[in-house]
Amino acid sequence: MNYFKIIGGKSLNGSVNIRGAKNSVLELMSATLLTAEPMILHNVPNLSDIQTLIDLLSNFGTSVEWDKENHIMKLHTPVIKSVKAPYEIVKKMRASIYVLGALMGRCGEAKVSSPGGCVIGQRPVNIHLLAMEALGAKIEIHHGYIVGEAPSMNGVRRLQGGIISGLVRHQNGVAITTHGGSVNAIEAAVLAEGETVIEYVSIEPEVDDLINMLNKMGAKISREIKDGVNIVRIQGVEKLHGCEYSVMPDRLEAGTYAVAAAMTSGCIEICNADVSKMENFLDKLKEAGVKITNTDNGFIVDARNVKIKSVNVEVSQYPGFPTDMQSQFMTLMSIADGVSILKETVFENRLMYVPELVRMGADIRILGDNTAKFTGVKKLYGADVMASDLRSGASLVIAGLVAEGETILHRVYHIYRGYENFVENLRSLGANIEVLKEDIE
């Protein structure tokens, strides 16, 4: 097992290219199951989660050609050979649940193991199952597997259009739309018979990326807002055809490098990024005193000669401040001038990185109700720390970049799930970081 050794004190400067969004490409890959024709995806990042999903798709009969150097992937599933998503693959990644909607849509049946993934809070699968049932499916749980069957007519199983409502869960009294549930509902409905209306659909850009690709494949999907409710309306089609599609840039990867620039008082040009999808986050960086300049294909983060100011953050759904950026941004706040209050409203276990930052000298107090008080300190110190999930791992790397002395980060496999060439990119920007192997006795 690998670990990172980081020596702090280097300012990061230069440029970095942002790859395709992890949270988008996984759902796009699962959606390729909906057609028997070849699909070509561009801007596919080289991540361990991508390989996990390739293993799963191969189990269904998908042939995959992945040109990692040019970030192109060709997928072709002429015949679904199996509708079972086995536990040994699904346990590695929660996004494996996306194949449920695609299998139910194309085959009218599925047997999918309950998913794994980062332990950051409750993400109930029952919402996904309610969406399938609203389209006429019979859903049962057998020995840890979700078993779904669509109604049969003349020997053919096919979902029926319907109204899918209640794609929400409640966290601390806040209604939260489900990204994964929205994906599964959309993928299931595009081949259903008749019209489907999905209420309370997530408006995250990655969901729009899925809708755009499906429409390019021949789906008939439109968005609307009615009485303040986000709605997707789908007219079911008999079949979808193949297409070429480019994955949207990863706004979370871009945000992580932006924080790294701010944390180290550096200047980084972030290329191939879409600032229109990052406005709330970038506004917070500006509030902290960081200079942001838009470019033709991204933005420049300039924190040279800047004293970082404290900023309060309340996480909320898009277009609010993203939960997947709060640990990185609050790591910056741990060395800011003043006191910052963080309120996390999406996932109840998203503060698991706090004890690790405290080990490095941060002054953080958990106030309860997923709220924390960050009092900026003048210096962080290197320590042995452990990543508990993907984003916390990136945050602890960022902390190590400014810490005095040596930081050793364990469980770095989390980081490979969401960042391509993270160590190599940081080195190119001036970071003192290397990958070493654990000694196992």
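Preceding block: the structure.
On a predicted model such as this, the values are computed, not experimentally measured, just so you know.

K.L.:
Residue-level account of helix 1 (residues 22-31), with values.
P.N.:
Within helix 1, nine of the ten residues are buried, which leaves it mostly tucked inside the rest of the structure. If you check which residues of helix 1 are buried, you get K22, S24, V25, L26, E27, L28, M29, S30 and A31.

K.L.:
Break down the packing of aromatic side chains for me, citing the residues and quoting the values.
P.N.:
Scanning the model with the defined rule gives six aromatic pairs in all. On the numbers, 6.1 Å between centres and 85° between planes, the contact of F4 with Y416 is edge-to-face. Taken as a pair, F4 in strand 1 (residues 2-7) and Y416 in helix 13 (residues 413-416) lie far apart in primary sequence, 412 residues in all. With a relative accessible area of 0%, F4 lands in the buried category. Note on Y416: relative accessible area 33%, which makes it partly exposed. Three or more aromatic residues link up through ring pairs in this structure, and these residues are Y257, Y419 and F422. For the cation-ring pair, K68 lies above W66, with the distance from its terminal atom to the ring centre recorded as 4.8 Å. Its guanidinium or amino end placed over the ring of Y145, K111 lies 5.3 Å from that ring's centre, counting from NZ or CZ.

K.L.:
How would you summarise a nonpolar patch on the surface if you had to cite specific residues and measurements?
P.N.:
Where nonpolar side chains cluster on the molecular surface, the patch consists of M1, Y413, Y416 and V435 and spans about 370 Å² of accessible area. By the secondary structure assignment, V435 is in strand 28 (residues 432-437). We classify V435 as partly exposed; its relative accessible area is 31%.

K.L.:
A description of the environment of G105 should follow, citing residues and the corresponding values.
P.N.:
Turning to its location among the elements, G105 is positioned in helix 4 (residues 99-107). Its relative accessible area of 10% is what places G105 among the buried residues. It is 7.2 Å that separates the C-alpha atoms of G105 and R158, two residues lying 53 residues apart in sequence. Not counting the four nearest positions on each side in its chain, G105 is found in contact with L34, L159, E187, A188 and L191.

K.L.:
Go over the packing of helix 1 against helix 6 (residues 179-189), please, and point to the residues and values.
P.N.:
Look at helix 1 against helix 6: their axes get within 11 Å of each other, and the N-to-C directions meet at 25°. With respect to their mutual orientation, helix 1 and helix 6 come out roughly parallel. Helix 6 is crossed by helix 1, and the crossing has right-handed handedness. Contact with helix 1, carried on its side by N23, E27, S30 and A31, involves H179, V183 and E187 of helix 6 and no other residues of that element. A breakdown of the residues in the contact of helix 1 with helix 6 according to their chemical character gives two nonpolar, three polar and two charged.

K.L.:
Account for the side chain of E420, naming residues and giving values.
P.N.:
As for its position among the elements, E420 is in the loop between helix 13 and helix 14 (422-428). E420 gets classed as buried once you look at its relative accessible area, which sits at 7%. A polar side-chain atom of E420 sits 2.7 Å from the main-chain amide nitrogen of N46. Discounting chain neighbours no more than four positions away, the residues touching E420 are R19, P45, N46, L47, H71, E253, Y257 and N425.

Cut-off values and rules
- Residues numbered from 1 in each chain as written.
- Predicted model: local features only at pLDDT ≥ 70, side-chain atom pairs only at ≥ 80, totals over all residues.
- Heavy atoms only, no water.
- Buried < 20%, exposed > 50% of the residue type's maximum accessible area, 1.4 Å probe, protein only.
- Helix = DSSP H or I, 4+ residues; strand = E, 2+ residues; numbered from the N terminus.
- Phe/Tyr/Trp six-rings, centres within 6.5 Å; stacked < 30°, edge-to-face > 60°.
- Lys NZ or Arg CZ within 6 Å of the ring centre and 35° of its normal.
- Patch = residues over 30% accessible without salt bridge, like charges linked within 9 Å, V, L, I, M, F, W, Y side chains within 5 Å.
- Areas by Shrake-Rupley, 256 points an atom, 1.4 Å probe, with all protein chains shown as cover.
- Salt bridge = Lys/Arg side-chain N within 4 Å of Asp/Glu carboxyl O.
- Contact = heavy atoms within 4.5 Å.
- Axes fitted to C-alpha atoms, helices over the stretch in contact; angles between N-to-C directions.
- Parallel < 35°, antiparallel > 145°, perpendicular 65-115°, else oblique.
- Left-handed = near helix turned anticlockwise from the far one by under 90°.
- Nonpolar A, V, L, I, M, F, W, Y, C, P; charged D, E, K, R; others polar.
- Polar contact = N/O pair within 3.5 Å; in protein donor to acceptor, adjacent residues only side chain to side chain.

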